[in-house]
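Close look at the chain arrangement
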Amino acid sequence: MRLPISRQTRFSGHSHLGIAALSAALYGLVLAMIVGNAGLVYVLMSGYDAALDQSAVLAEMRTGSQRLAVQAMRLSDGGLLQTGQLSKDIDAMDRHLQALDRGGVVGDREIAPLQQTEVRQFLPSIQRHWVGFKGRLQAVILNSYSHGEASRDPQELPGGVQRQWLADDAGALLKSVSAASDALMPQLREVKNHVISTLLVAVFVDLALLIFLFWAMRRMVVLPLSELRKGTGAFAHGNYSHRLEPRGVREVAEISIAYNVGVQHIHELIEEMHSNQQGLQRADLVFQGLAANALVGIFLSSHGRFSFVSRKMADIFGYQPDEMVDQLSLLALIAPKERYLVDETLKNALTRKSPTVRFEHHGRRKDGSLIDIEVFLTIIGSGDEASVIGLVQDITESKQAESSAQLAAIAYENSSEAIVITEPTGVIIDVNPAYSKMTGYWPDEVAGELLSLLRPGRHNRDYYDAMWHAINTKGRWEGERWQQRKSGEEYAQRVVLDTAWNHDGTVNCRVVMLSDITQKKQMETAIWNQAHHDPLTGLPNRQYFNEQLLDSVSQSHAKGQTLALLFMDLDLFKEVNDSLGHAMGDRLLVEVAERLRQCAPDGQYFIARLGGDEFVMLLTGAPDRTALDQLCERILARITQPYQLAGTATHISASIGLALYPADADTAESLMRHVDMAMYAAKAQGRNRYRYFDQSMRNRVQMQHDLLVGLPQALAAGEFFLEYQPIFACDTGQVIQAETLLRWRHPEFGVISPLEFIPFAEERKLIQPLGDWVFGEAISQLARWRSTWAPDLRLTINVSPGQFGFVRSGLESVLQQLASAGLPANSLSLEFDERILTHLEHNVRPRLLALHHAGMRFCVGAASLGMPALLASGRLPFEFLKLDPGITAQITSSPVARLVCETIISLAHRLEMLVIAEGITNAAQHQLLETIGCDAGQGFWLSAPLIASDFEQQYLVPPA
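All chains use their own residue numbering, which begins from 1 and follows the written sequence. In view of the model being predicted, local features appear only for residues whose pLDDT reaches at least 70, and side-chain atom pairs are presented and counted only at 80 or more, with totals across whole chains, interfaces and linings using the full set of residues. With hydrogens and water stripped out, all remaining heavy atoms of the structure feed into the side-chain values.

All right, on to the sheet that holds strand β7 (residues 387–394) then. By definition, two strands form a pair when at least two bridges between them are found by DSSP. By definition, any uninterrupted DSSP run of H or I lasting at least four residues is a helix, any uninterrupted run of E lasting at least two residues is a strand, and each is numbered from the N terminus. Pairing is antiparallel across the open sheet formed by 5 strands, whose spatial order is β4-β3-β7-β6-β5. Lying at the two open borders of the sheet, with one neighbouring strand each, are β4 (305–309) and β5 (356–364). Within this sheet the neighbouring strands show an average axis-to-axis angle of 30 degrees, counted without direction. Where β5 and strand β6 (residues 370–380) come together, 9 bridges link them in antiparallel fashion. Across the sheet, residue F359 finds its bridge partner in β6, namely V375. Angles run from 0 to 180 degrees between N-to-C directions of axes, and those axes are lines fitted to C-alpha atoms, restricted for helices to the stretch in contact.

The structure is reproduced here in structure tokens:
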């Protein structure tokens, strides 16, 4: 802080303590502190030592009284004792008592008299007891002198009584001395505590005094010197505004005042220098600012050379400023062919004394390229002392812009694209000839009119709002729209609207370019139709349907409406296609598509062909259940009507599945999946019908999925087991063999029939290990039964068609297992479904023949009216033939079924095969089969399939 001169003068006249006086004062205080501490310690320790001496005297008296009592008792008993020593001890006791009472010297110590009232009160008692004890001691001494004489005082006291008196007197004295000593001890501790507390107070006083001395030294000397050091450092770094506060000892304060005065003078000189420099700098900055920010180049020239060039000037000609100053002239920047003209212009200006010159010529850049420049010169002075200040502007772009404007006008007039110039509001200013050719309107017919693009037409308000929003925010809009020519013909046009802006950001005009894209739109429509429609039927294809389904689901969700989906698959279409040819099959599909169109209700519907013989119909608008039932019945009735193909009437049917959104599905994907389930459910019920999706279908599909996933782990988890259904002879009623049936005890779905999981096992390539397990379990069980109860019992094992598809099917090891179990090959019979016999693979028949030659027997099951089993008997040696349960069920109600059964049995017998009837459910069926010659039978009326233990109890173990 800068101090005023008056304050500095006033401060310098003030009386201040010097460094010498301050040092003397500090040393004097320290010396006084040392002397005072020494005196205090001496005084305190003197009092404490006197108390200790008094305590020691009392202790010596207590010891002396005990010693005197002992010596007196020994002397009274006639012991040898120096009486002189006893007298010395008595004298010592007198001196001790006198020192305590009045003061004196004991040994080499000066003993102060007892002053404490609490202790001194015991002195009379001590003196009294000592006088009595002393007289008793003197009597003993006198008595010792007469000890041994012949004649004794007859009245002399006995020795025991004399010792008792001595002990009593000594005890009384000792008690008084001890009481005085005990009373002195608290006084001694009090003196000690007083000494310690006084010394602690002295220490704190000394510490406070030292702190005060440190504070005074720091405030008077250290801090002022530190401020002086900071000030000189600031001065060294160019800070002339820093001032010191004069304080501390006189010498330091005077230095601070001198520093402030010197810095003040230096600061004033520097400010004056800065003020002068700023004036010069302002003038230079004005010129430099104009030169640096000017849009044109600025230069100064003297004696034919540049003395200054602005950055813009250097940039125009491709130089750095330092490359031009003092090295180049104005003529060096002019194209060589035009330098003479410029030189003549400058000379004429000097001759006419015209200070201002303007000209346009070609300038030459550093790289040799030429540019168009415009130069303004002002000549200052005359003759050799003349200077030139000039402005140079690069007008190359403006020249090119003029040329471009001419070319643009030519392009505008001759462009094949229609161009419209409008006001910012869209009012037409001008159009080019291409516009008139495209629309049929001449410029004078549309000038002043609002552009048709901006007038309300076939588009809604949102369309125009979005258009104007783009124009106002981005200045550009492009799109496609349909428009009418002057003749009334509609055409498609591509529109690109751009905005031309003024320098201030306002809109100058709008430029609209129009293209006729009618042919392109027609081609796009044709391509879209080809990509989204079936080329055979003309119906939408799968891609178009998927897009429509997603859109319909989204709209139904938004509106909260119901959506219905029908999925139709033609029944027996493959047979028609194979028998009549693909051309007739295509004609059939075209006719089906037409009939579907005729069946579709008026309103919102969408029909598509997904591929092959699959069709879908999508209905929106919340159709009710009754309308859907009527629609499905109408479709089925139309589809089943005959088709004239290749001159013959052909009949087909259809299976239809229905699913509703959102009742049956919440997404388009799940809706399609569920309607597919419903269609397959309708087909499984006998075809030519329709089915709505329900939860049971989803549960069945879920169960199939779980079975497919859990099948690989089921075998390792031991979830499979075998049941045995006995086969009875029709004539005797005896069990001749048993059929082995595989079961799966699923932890969630319970016991599952092989019809549910065998297809999955074949698909997952698990049929071979599963078949091996069945053979192993059955052979082991048969070996136990034959060895224990039924030596002639035989088992029949069903063989899946999938087991024949492996290179090694596992059937080769059956003979080895039978041999290992000690069973003959004919104890096991393999049962095949007759459907696999019509297409025996070349490697299957040799396997079966090898098993038969080894002794194994075969059985063909579920024989139907097609009789492929009887035809296959010529190629494979079958022992048994089984009647299909469907035929067995009709044998009592249908004469035709009975005749078929009799025929099959008769043919089988002639081919040396036995016949087993499956599915016997009542006694009438059993009796009739026995009548027509059936050899054996099985079914729930005879016996249900049993686990091994139940089979043993009922048919193998003899009754007790």
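And the narrative resumes.
When a carboxyl oxygen of Asp or Glu lies within 4 Å of a side-chain nitrogen of Lys or Arg, that pair is called a salt bridge. For the structure shown, the criterion picks out 30 salt bridges. Notably, a salt bridge pairs E669 with R673, separated by 4.0 Å at the nearest N-O pair. On the criterion of helical spacing, the pair formed by E669 and R673 is a turn pair, its members being 4 residues apart in helix α20 (residues 668–684). Taking relative accessible area as the criterion, E669 reaches 61% and is therefore assigned exposed. Each residue's exposure class comes from its accessible area (1.4 Å probe, protein chains only) as a fraction of the maximum for that residue type: buried when under 20%, exposed when over 50%, partly exposed otherwise.

Here the focus is empty space enclosed by the protein. Site definitions follow a grid-based scheme: protein atoms alone, a 1 Å grid, a 1.4 Å probe that fits but cannot get out for cavities, and for pockets an open set with protein on both sides within 12 Å along at least five of seven lines, plus lining residues having an atom within 4 Å of a point. Grid points are joined across faces, edges and corners, and a volume is the space filled by probe spheres set on the points. Under the criterion given, the structure shown has 2 cavities of 30 Å³ or more. If you trace the largest cavity, you find it lined by L566, M568, L596, I607, F615, V616, M617, I635 and I656. The leading source of residues in the lining of the largest cavity is strand β15 (residues 614–619), at 3 residues. Among the residues forming the lining of the largest cavity, the class breakdown is 9 nonpolar, no polar and no charged. The volume enclosed by the second largest cavity comes to roughly 40 Å³. Along the walls of the second largest cavity sit T422, E423, P424, T425, G426, L451, L454, W468, I471, L497, R510 and V512, which together make up its complete lining. Of all the elements in the fold, those that place two or more residues in the lining of the second largest cavity are α14 (461–474) and β12 (507–516). Gly is placed with the polar residues, together with every amino acid not listed as nonpolar (Ala, Val, Leu, Ile, Met, Phe, Trp, Tyr, Cys and Pro) or charged (Asp, Glu, Lys and Arg). Taken together, the residues of the lining of the second largest cavity break down into 7 nonpolar, 3 polar and 2 charged.

Next up on the list: helix α16 (residues 542–559). Count 3.6 residues to each turn of an α-helix, and residues three or four apart come out pointing the same way. Helix length check: α16, at 18 residues, gives a terminal C-alpha distance of 25 Å against a target of 26 Å (1.5 Å per residue), a fit within 8%. Every buried residue of α16 is listed here: Y544, F545, L549, S552, V553 and S556. Down the axis of α16, the buried side of the element spans an arc of 160 degrees, and every buried residue falls inside it. In α16, those exposed residues whose orientation departs by more than 90 degrees from the buried face are L550, H557 and A558. Whenever a nitrogen or oxygen atom comes within 3.5 Å of another N or O atom, the pair is scored as a polar contact, on the condition that within protein one atom can donate a hydrogen and the other can accept it, and that pairs from neighbouring residues in sequence are kept only if both atoms are in side chains. Sitting at the amino-terminal end of α16 is N541, which places a side-chain oxygen 3.4 Å from the backbone nitrogen of Q543. A helix is expected to span 1.5 Å multiplied by its residue count minus one. Along the arc lie the directions from the helix axis toward the C-beta atoms.

On to the packing of helix α17 (residues 573–580) against helix α18 (residues 582–599). Relative to each other, α17 and α18 sit at 140 degrees, their axes nearing to 6 Å. Here α17 is positioned oblique relative to α18, judged by the angle of their axes. Contacts between α17 and α18 involve F573, V576, N577 and L580 from the first element and H582, M584, G585, L588 and L589 from the second. Taken together, the residues that form the contact of α17 with α18 break down as 6 nonpolar, 3 polar and no charged. Roughly parallel means an angle under 35 degrees; roughly antiparallel means over 145; roughly perpendicular covers 65 to 115; every other angle is labelled oblique. We call two residues in contact when some of their heavy atoms are within 4.5 Å.

Cis peptide bonds are those with omega within 30 degrees of zero, and the linkage from Y661 to P662 qualifies with 10 degrees. In this structure, P662 sits in the loop between β18 (653–661) and α20. Non-glycine residue A646 carries a positive phi angle of around 55 degrees. Its location among the elements puts A646 in the loop between β16 (643–645) and β17 (648–650). The exposure class assigned to A646 is exposed, which follows from its relative accessible area of 55%. Look at N688: it is not a glycine, yet its phi comes out positive at around 55 degrees. Classification of N688 by relative accessible area gives partly exposed; the value is 38%.

Most of strand β8 (residues 418–422) sits out of view: 5 of its 5 residues are buried. Burial along β8 is two-sided: the residues A418, V420 and T422 and I419 and I421 are all buried. Bridge analysis of β8 against β12 gives 5 bridges, and the strand direction is antiparallel. Opposite V420, over in β12, you have V512 as the bridge partner. As paired elements, β8 and strand β9 (residues 428–431) share 3 bridges and run antiparallel to each other.

Bringing the pairing of strand β21 (residues 735–746) into the picture now. A large share of β21 lies buried, amounting to 9 of its 12 residues. Pairing analysis gives 9 bridges linking strand β20 (residues 720–729) to β21, with the strands arranged antiparallel. Residue pairing for β21: Y724 is matched across the bridge by T740. The antiparallel hairpin formed by β20 and β21 contains 5 residues in its connecting segment, where G733 sits at a positive phi of about 75 degrees. Bridge count between β21 and strand β23 (residues 795–798): 3 bridges; the pairing is parallel. Its bridge partner being in β23, T740 is matched across the sheet by I797. Here β21 runs beside strand β22 (residues 750–752); their pairing, made up of 3 bridges, is antiparallel.

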